[in-house]
Structure formats: C-alpha cells, structure tokens
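Summary of the model geometry
Each chain, written out:
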Amino acid sequence: MQLAIETYARQQPDVVTGLFEWYRDCAKMLWLGSDLLDGFVNYCQHAHPELIDSPLRESIIKSQEAAFSGNQFYLLIRPRVAEQIYLRYSYDDHRLTRCEASEFLSFKEKLITGREHSTNLEIDLAPFERDVPKMNQTRSIGSGVEFLNRRFSSRLSNALRYGDDLLLPFLQVHAYGDQTFLISPAIKNSTELRAALADALEYIKAQDSDLLWGDVESSLRLLGFEPGWGRTIKDIRTTMELLADLLEAPDYSNLERFLDRIPMIFNIAILSPHGYFGQKNVLGLPDTGGQVVYILDQVRALEREIKKRLYEQGLAISPRILIITRLIPEAGDTTCDQPIEPVEGTDHSLIIRVPFRRLDGSIVTEWISRFEVWPYLEQFSRDSEQAIVEQLGRRPDLVIGNYSDGNLAAYLIAQKFGVTQCTIAHALEKTKYLYSALYWQDMEEQYHFSCQFTADLIAMNSSDFIITSTYQEIAGSDDVVGQYESYGSFTMPGLQRIIHGIDVFDPKFNIVSPGADDSIYFPYHAGKRRSEQDVREVHNLLYGEQSSNCRGFLQDNNRPLIFSMARLDKIKNLTGLVHWYGCHETLRKTANLVIVGGVIDPTHSHDGEEQEQIRHMHELFDQYQLDTQVRWLGRRLDKSLCGELYRCIADQQGIFVQPAFFEAFGLTVVEAMASGVPTFATRYGGPLEIIEDKVSGFHIDPNRGDEAAARMADFFERCETDKKYWQYISANGIKRIEARYTWRRYAQRLLTLTCIYGFWRFSNDLERQETNRYLQMLYHLQFKHRAALIEPIR
Ligand code: UDP
Ligand code: LCN
C-alpha cells in the first residue's frame, strides 16, 4: 500500500521537505499523533493552506508517533487497523524511505539512553510461529475459531479420505477417572467406527423414543460404545448421526455441533491472584473491581452450562470449578484470610486461597499492590498446583488466567499439567500509561513494567486461546491502537526490543463478551422484582443525613441524578467528572451528581493513588462549593444495593456517566444499561463498542470535559422538550445488552471454544512447541531476573 505522504514525497518533494523542516524547527524529540497533526495544521496555515484538506493530511492523521534527532525524522504510520508502516526522513538527502520496526525502535532507544547499542536483547516470536495459520482480513480478527474451522475442515476431509484417522484418536482420549467415554478401545479405526455407528443407528431406530441411555447401554456397549452420547434416545441418535455425517463428509458447522455435544470439560482452574478476591466487602478496595465480578459471574454461568451439558450427555458427574487467588492474612473485614470459600449460587465451585510466600517460606501477611506481586508468583503457582490436585484429585481440563499475574500463573500451571490454557487480560496496563514501555525505567520503582510486560508477552504467546471482551481490546479502532496490538512491536530501552511480540491476526483471539448478572441488574420498570427494603435503603443513601462515609447533602431532591461509580483510581477520572460538573452552570442547575467510590477519609486508604484522588475530590468540593449538589458515597455497596441504586437513578430519569481516560471493558456500563439508565461513557476502550452513540447511549471524550458536560446538559434539555427521548435511549440500552452481553451466551461460547481448540490442537499440532521453548527462556532469563529485583516485602 502506497501512503499519500510517499506519493507527495515523489511528486511534490518540496512540500514534504518543508513539512519535515517545520517539524525539525519545533525541536521536539518524541511526537504523538496529535502533536504531528497540530504541527501539520500550523505548517499548512503558514506555508500551504491548500494542503489542509489534502490526502497528505490523511497520512498525518494516521501517524501514531514520531521521533526526531540530528538529521533524521522517523514516523510510524498506522494506515489501518493492525498495520504499521515505518518511515525514515533524512535531512541530508531529503529522502523519505521505508524502514524496519527494529531500526525505528533502535533510534528511539538511542534518544532515550543517549547511547548506541543500549538494548541488546531483541525478541522476535514470528519465526517460531511460521507454521501457524494466520488470518489476513481485519474483520476476521477476534473470530479465530471460525477461521480454524474453515481452514482445517478440508484437512479433516482429506485425512478421512486417505484413511488417516483424526477424529477417532481424539475421541478415545477422553476419560474421567476410570470411566472412558464414547468409543471403546475395541474399535480400532474409522472403518470399524463407521460400521459400528451404522449398526448402532439401526438399532436405535427400532427403540422406543422414551428410553434413556441406561436402557440401551448393554446393546450399545456390545457394539463398542461407551457413555457420553446422550441421556435420551433422541440425544444419542443426534450425536451419533452428527459423527456419522462428519465421517462421510466433514464440514465445520457439523464439527462444531458435534464437539459441543461430547464430554470434554469437567474441571476448570481459574487464576486471579492480586487484589481482594471475595464475595462481600471487597468491591471498590484497591485493585478490586470488575475482574472479581466478572470471575464470580463467569463461574456461576460456566458451572450451570457444564452441568446442563453433562446432564444432556447422560453423565452423572458434578463439574468442579476452582478460583485460585491469594490468601491475605491481614484481610480487614473481608474473607480473604480464609483458605476455602464456596462460591454463592453454585453447587461445587470454590474459592481457594493460597498465600504468597517469600524465599524463606514465610508468608506475606498484608495486601500488596498488583504491581508488586511478581516475586511471589512462581512459588504461588507451585502451591496452587498442589491445592488444585488436592481438591480435584486430578489435573483440571482447562486453566484460565486473569490479568497479567493470573495469566503468568496460568502459564506455569498449564505447562506443568499439560492442559489447555486460556488467557483473559481484562486490562493490559501498557496502553494505560503514556510511554509506559519507552520510559519504563522512570516508572519501574512504582509499576515494575519490566516484569509485567514480559509476563504479558509470555502468557499471550503461550496460551492456546485468548478471550477478549471486545474487538478494540485486540486491534483498537481506526484511530486508536488496540491493547494487544500495542504488544506487536515496542522497545524498553536498555532491557529489550520486541520486534514481533504478538500477532493480532493469530486465530487464538476470540471475542467473547461478558454480561451483567441479570438477577441483580434488571430494568427499573420490572417493579415486582424490586425489593422495597433496598429501595428505602438507596433512598437513604442518596438523601439521608450525612455520615462519616459520605460527603454532600442533595438539597433539591426533585432533580434527576447524574451517577458514577468506580474504584477511585486516577484513570477512572471520577474527579474529572466532578470538575466538569463544577464548571458547568447549566448542568448544575439541572441535575445533581452522585459519586460512589473510594473512602472519604484519606487516612483510611492504603493505596497512594487512591489517597491522592480522595484529597483532590475534597479540594473540588471546596473549590466549586458542591456540598449541596453532589453526594459522594465513600463506602462499598453490596451487589443488590448497587443494582437498586441504578434503578433508582432511572426512576428519576437520571443518567450514568463513565468518565475514564481509558476503560478496558466497563462492567458498570453494561450494568447501567441493563438497568435502563441512559449511559454516557468514555470513547477510549470497551464502551466505544458497547454503546452505539446516540442510539443506546452516548460516547464522551474524557479529554474534553466541557464538551462531555455540554452533551449531558443537552440531553437533559432535550428530555424536557421531548418527553419520550429518555425512554428511547433507556429502552435501546436494555435491548443492546440483552442482544449482546449475557453470561449465558458467554458460557456457551467459552465451552465451545475450549472443545474446538482442544480438537485442533490435538489433531493439527498446534502445540507451538518451538514458541514454548523460547518463552521458557524468556521466563527464566528475563522475567525471573527482573522479578528478583523487586524489593521483598518484610
Ligand atoms: N463496584 C461496586 N462498588 C464500588 C465500585 C465498583 O460494586 O464501589 C462494582 C461495579 O458494580 C462493577 C465493578 O465493581 O461490577 C467494576 O467493574 P468495571 O469493569 O466497571 O471496572 P474495573 O474496576 O474492573 O476497572
Ligand atoms: C478490568 C477493567 O479495567 C474493566 O474495564 C473490565 O470491565 C473488568 O476488568 C472486567 O473484565
């Protein structure tokens, strides 16, 4: 693809030279896309007004970053999603030429360190992945399993035609304890299997449709079949017919339907070490938010779905799901000091807590930040392996990691057990902080990104499949780089240069969006389901007397409410919202503001960033005199009260605002919309995809607070004149969530993916052994060394 800037460089070299000279005169070393555009606009205004809307502008708009020094200017252009083009402009010969990522990265390293060859370790995973099939269309990104199915079903049919048995050995590996499933070892090849299936189907045809597996078991066993085909005659027949069809003429939709019906998953281990993982009193504590909600809802949904499948398969096996987290001896009023806790709403799922131990074996007693966990993870993983085997009496069928630390632990555990590994990032820190990789050394003491980004690379490359909540999480949007995409190539000067870190066209990526617990987050108009006691309690929270855990008293309780709730992290920008509100006269006259987050007294917080936000919040209250218009609840609300709070906001025709500078997904957005509250949410991250702007909610730009506040004020004004407008947005929000974001769909999809990846992995040598060997080196030589440098906790 030829870029417009390259065409200009050929056809109107003076224009391009002028532009680069303009950039040089600004004497700026590192440029972001927005700086480049500002520079371009200035250049046009002064020298070439005709260029302002030219194709050249397009190239500049697509520029991600640039670096300048001496006689060279490097430019990184992202012409479309997941594609990078590196350009070098030389002030000596005025030539603009393409170059490799590695040259651009080395140039930046020299700028930062002031030294040539400061970064000797170059990491390139591409050569190891040469044989792994990759997609090539951007619209296929995130639909990996569909691609694999299409790609491999012809292989399946060839294999069957030439007698190379693919399905049979796969079906014969499945067992649970002493129980083998589906096909007994007596059947030796596909020819025998076809014949046995034909006999079995003939036999079943003659049976009464009310019969169950137990009634036909002895006859089917004689033909070579074991349990797992189905509970009823109808189920057994369907599964056998699907297999017979596949053996005759394989096609991927049949394959998916068949794999979905066979018993493969009984036990799952889910890793989530950091934060306070509990079921009460934890949400809103530092490092403790959506991930906990997500996993608990995920476990309930998965247990329900596995149970349903096992029942339909005719197997009396109880699935077990274990959430493995950290045991914190000094756990305050949470249950994080208890080694085992049953998951509410499940039959057999448990939270298993394993303490962090130091090298001398002693236990770390206090909470530590998610940025400090790295030295403890290897021992934690070993201890977790043991805890898993103690609980299950066997290895799990699937290991799911969550966030960078959980994914690293999942990598270690899945490698050890030799089972399928699934990665869920929730949020990758790399894109949250500007220049987090380039200036990693300046941030190392606080964030230890050298460990985190290395761990991320290891986990995302080792995993069999990656679940993301949205497309943008993988590959961003036209103008924003995706979270995974940002690991494609980058440098951490002095430490490592990553040439190919991850390929977003890899079929391991699959979008499976979470939902909101529909027993808690249901529409405000479902009157009968609402608890009067919760309604009263919420009313008291909103309008009751002030207490030590709240600030502000809403004087006029007839106004609609603007509501926001989040952990009080800087990136969540709750203080930003208060600031926008404080400055916006019309908004202040129209609506009150309710904030749920953090604590009111900074001395009650153990987290530095939270303390800073608490102080800032108080300053804003004082500066804008907000005490009669803003109510800040600095306390944790339990789930059912949270659900009711959203509904009470809807009762008064209020709105929910999610003002974060970046939000990886945004469960609160889904919760608010499911409850029927019109939602205004950041355009950076998941909400951009969850909400269709002006249809099921609104996008706001957190960097343009005045515009965001004006949008809200306009909305309230329109609702005054058009009485149906609030209803329209509210109803569309509910519809959007019902159609796209439910836990039932999530669980079905995740299990389907596990079965299909299991099959393709088994039958197509997708084990990625070469990659895994390389990752082991990265783990032992790089990660462990960096982790050991972190100051041990007393
Ligand atoms: N939450 C809560 N009380 C709080 C703050 C948050 O119950 O004080 C819940 C909220 O309802 C949501 C989750 O915590 O379910 C936050 O998830 P989200 O994805 O919005 O953000 P995260 O905290 O994961 O970044
Ligand atoms: C972490 C986040 O930051 C949120 O955006 C997500 O909604 C949450 O995890 C659950 O995946």
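For the structure itself, look to the data block above.
Below: a short report on this structure. All figures in this text were calculated on a predicted structure; none of them were measured in a lab.

This paragraph deals with the overall build of the chain. On a plain count of helices and strands, the chain comes out with 28 helices and 25 strands. Taken against the 2.2 N^0.38 rule, which gives 28 Å for 794 residues, the C-alpha radius of gyration of the chain at 28 Å falls within 12% of a compact globule. In terms of overall dimensions, the chain has a C-alpha envelope of 85 × 75 × 60 Å along the principal axes. Expressed as a percentage of its 794 residues, the buried residues of the chain come to 60%. In the chain, once contacts between residues fewer than 6 apart in sequence are set aside, the share between residues at least 24 apart is 71%. As displayed, the chain has an accessible area near 32000 Å², and 48% of this comes from carbon and sulfur atoms. Computed over 85 positive and 109 negative side-chain charges, the separation of the two mean positions in the chain equals 2 Å.

For ligand 1, the set of nearby residues contains 16 residues, the closest of which are Gly290, Arg567, Lys572, Leu667 and Glu671. In this structure, Gly290 approaches ligand 1 through a main-chain N or O atom, which is 2.6 Å from an oxygen atom. Within the backbone of Leu667, an N or O atom sits 2.8 Å from an oxygen atom of ligand 1. Burial of ligand 1 by the protein chains amounts to 92% of its free accessible area of 530 Å². For the shell around ligand 1, the secondary-structure elements that each account for two or more residues are helix H12 (290–312) and helix H23 (667–675). A per-class count over the shell around ligand 1 returns seven nonpolar, five polar and four charged.

Right, let's talk about the sheet that holds strand S6 (residues 122–124) for a bit. Strands belonging to one sheet form pairs held by backbone hydrogen bonds; the direction of such a pair is parallel or antiparallel. On the basis of which strands lie adjacent, the open sheet formed by three strands has the order S6-S17-S16 and mixed pairing. Strand pairing shows two members of the sheet lacking a second neighbour, S6 and strand S16 (490–492), which therefore form its edges. Within the sheet, the average angular offset between the axes of one strand and its neighbour, ignoring direction, is 20 degrees. Bridge analysis of S16 against strand S17 (residues 496–500) gives three bridges, and the strand direction is antiparallel. Directly across from Phe490, in S17, lies its bridge partner Ile498.

Taken together, five strands build an open sheet; the order of strands is S1-S2-S3-S4-S5 and the sheet is antiparallel. The open sheet terminates on both sides in strands that have one partner only, identified here as strand S1 (30–32) and strand S5 (96–99). Going across the sheet, the axis of each strand differs from the next one's by a mean of 20 degrees, ignoring polarity. Sheet analysis places S1 next to strand S2 (residues 63–69), joined by three bridges and oriented antiparallel. Its bridge partner lying in S2, Leu32 is registered against Glu65. Each of S1, S2, strand S3 (72–77), strand S4 (85–90) and S5 is contacted by helix H2 (residues 13–25), which is oriented at about 105 degrees to S3, the strand it contacts most. The strands touched by helix H3 (residues 33–46) are S1, S2 and S3; relative to S1, the strand with the most contacts, the crossing angle is about 90 degrees.

Further remarks concern the nonpolar core. Counting 222 residues, the largest nonpolar core has Trp229, Met240, Leu243, Ile467 and Phe715 as its most contacted members. Of all the elements, helix H27 (residues 743–764) adds the most residues to this core, at eleven residues. Setting aside residues up to four positions removed in sequence, Ile467 forms contacts with Tyr294, Cys422, Thr423, Ile424, Glu473, Asn510, Val512, Tyr746, Leu750 and Leu753. Within the second largest apolar cluster, 26 residues are counted, among which are Val16, Ala66, Leu75 and Leu96.

Attention now goes to the site of ligand 2. Near ligand 2 you find Gly290, Gln291, Tyr294, His426, Ala427, Glu663, Ala664, Phe665, Gly666 and Leu667, and these make up its full shell. His426 is positioned such that a nitrogen or oxygen atom in its side chain is 2.6 Å from an oxygen atom of ligand 2. Here an oxygen atom of ligand 2 sits 2.9 Å away from a polar atom, N or O, in the main chain of Gly666. Notes on ligand 2: free accessible area 300 Å², of which the protein chains cover 91%. Sorting elements by how many residues they give to the shell around ligand 2 places H12 first, with three residues. Split into classes, the residues belonging to the shell around ligand 2 amount to five nonpolar, four polar and one charged.

Right, let's talk about the layout of surface pockets for a bit. Counted as a void, the largest pocket has a volume near 2000 Å³. Around the largest pocket sit 49 residues that line it, and Leu32, Gln64, Thr431, Leu434 and Val480 are the ones nearest its centre. When residues of the lining of the largest pocket are traced back to their parent elements, those giving at least two are H3, helix H4 (55–61), S2, helix H5 (101–113) and S16. Its residues placed into classes, the lining of the largest pocket shows 22 nonpolar, 13 polar and 14 charged.

Another aspect to go through is the state of the cysteines. If you walk through the whole model with that rule in mind, you get zero disulfides. The structure places no disulfide on Cys550, whose sulfur is separated from the nearest cysteine sulfur, that of Cys642, by 16 Å. Owing to a relative accessible area of 6%, Cys550 belongs among the buried residues under this scheme. Residue Cys719 stays outside any disulfide, its sulfur separated by 19 Å from that of Cys648, the closest cysteine. In this structure Cys719 comes out as buried when scored by relative accessible area, which is 13%.

Turning our attention to helix H13 (residues 377–392). With 16 residues, H13 should reach 22 Å at 1.5 Å per residue; the first-to-last C-alpha distance of 22 Å fits that figure. Within H13, burial applies to Leu377, Phe380, Ser381, Asp383, Ser384, Glu385, Ala387, Ile388 and Leu392. In the stretch just after H13, Gly393 is the one whose phi turns positive, near 75 degrees.

This part takes up the side chain of His584. Turning to its location among the elements, His584 is positioned in the loop between helix H19 (574–583) and helix H20 (585–590). Judged by relative accessible area, His584 falls into the buried class, the value being 17%. Setting aside its immediate chain neighbours within four residues, His584 contacts Asp706, Ala709, Ala710 and Ala713.

Before going further, it helps to spend a moment on the pairing of strand S13 (residues 398–402). Across the five residues that make up S13, a large majority, five, are buried. Here S13 shows a buried face lined by Leu398, Ile400 and Asn402 and a second buried face lined by Val399 and Gly401. Where strand S9 (residues 267–271) meets S13, four bridges bridge the pair, whose relative direction is parallel. Note that in S13 the partner of Ile270 across the bridge is Ile400. Of the pairings in the sheet, the one linking S13 to strand S14 (residues 420–424) comprises five bridges and is parallel in character. Along S14, the bridge assignment pairs Asn402 with Ile424. In terms of handedness, the path from S13 via helix H14 (residues 403–417) over to S14 forms a crossover that is right-handed.

Calculation criteria
Residues numbered from 1 in each chain as written. Chains lettered and ligands numbered in written order. Predicted model: local features only at pLDDT ≥ 70, side-chain atom pairs only at ≥ 80, totals over all residues. Heavy atoms only, no water. Helix = DSSP H or I, 4+ residues; strand = E, 2+ residues; numbered from the N terminus. Rg over C-alpha atoms; globule rule 2.2 N^0.38 Å. Buried < 20%, exposed > 50% of the residue type's maximum accessible area, 1.4 Å probe, protein only. Contact = heavy atoms within 4.5 Å. Areas by Shrake-Rupley, 256 points an atom, 1.4 Å probe, with all protein chains shown as cover. Lys, Arg positive; Asp, Glu negative; His and termini not counted. Charge placed at Lys NZ, Arg CZ, Asp CG, Glu CD. Near = heavy atom within 4 Å. Polar contact = N/O pair within 3.5 Å; in protein donor to acceptor, adjacent residues only side chain to side chain. Nonpolar A, V, L, I, M, F, W, Y, C, P; charged D, E, K, R; others polar. Pairing = 2+ DSSP bridges. Axes fitted to C-alpha atoms, helices over the stretch in contact; angles between N-to-C directions. Core = buried A, V, L, I, M, F, W, Y, C linked by side-chain atoms within 4.5 Å. 1 Å grid on protein atoms, 1.4 Å probe; cavity = no way out; pocket = protein on both sides within 12 Å on 5 of 7 lines; lining within 4 Å. Points joined across faces, edges and corners; volume = space filled by probe spheres on them. Disulfide = S-S within 2.5 Å. Expected span 1.5 Å × (residues − 1). Right-handed = clockwise from strand over helix to strand, strands pointing away.

By themselves, these are just geometric observations and shouldn't be taken as functional.
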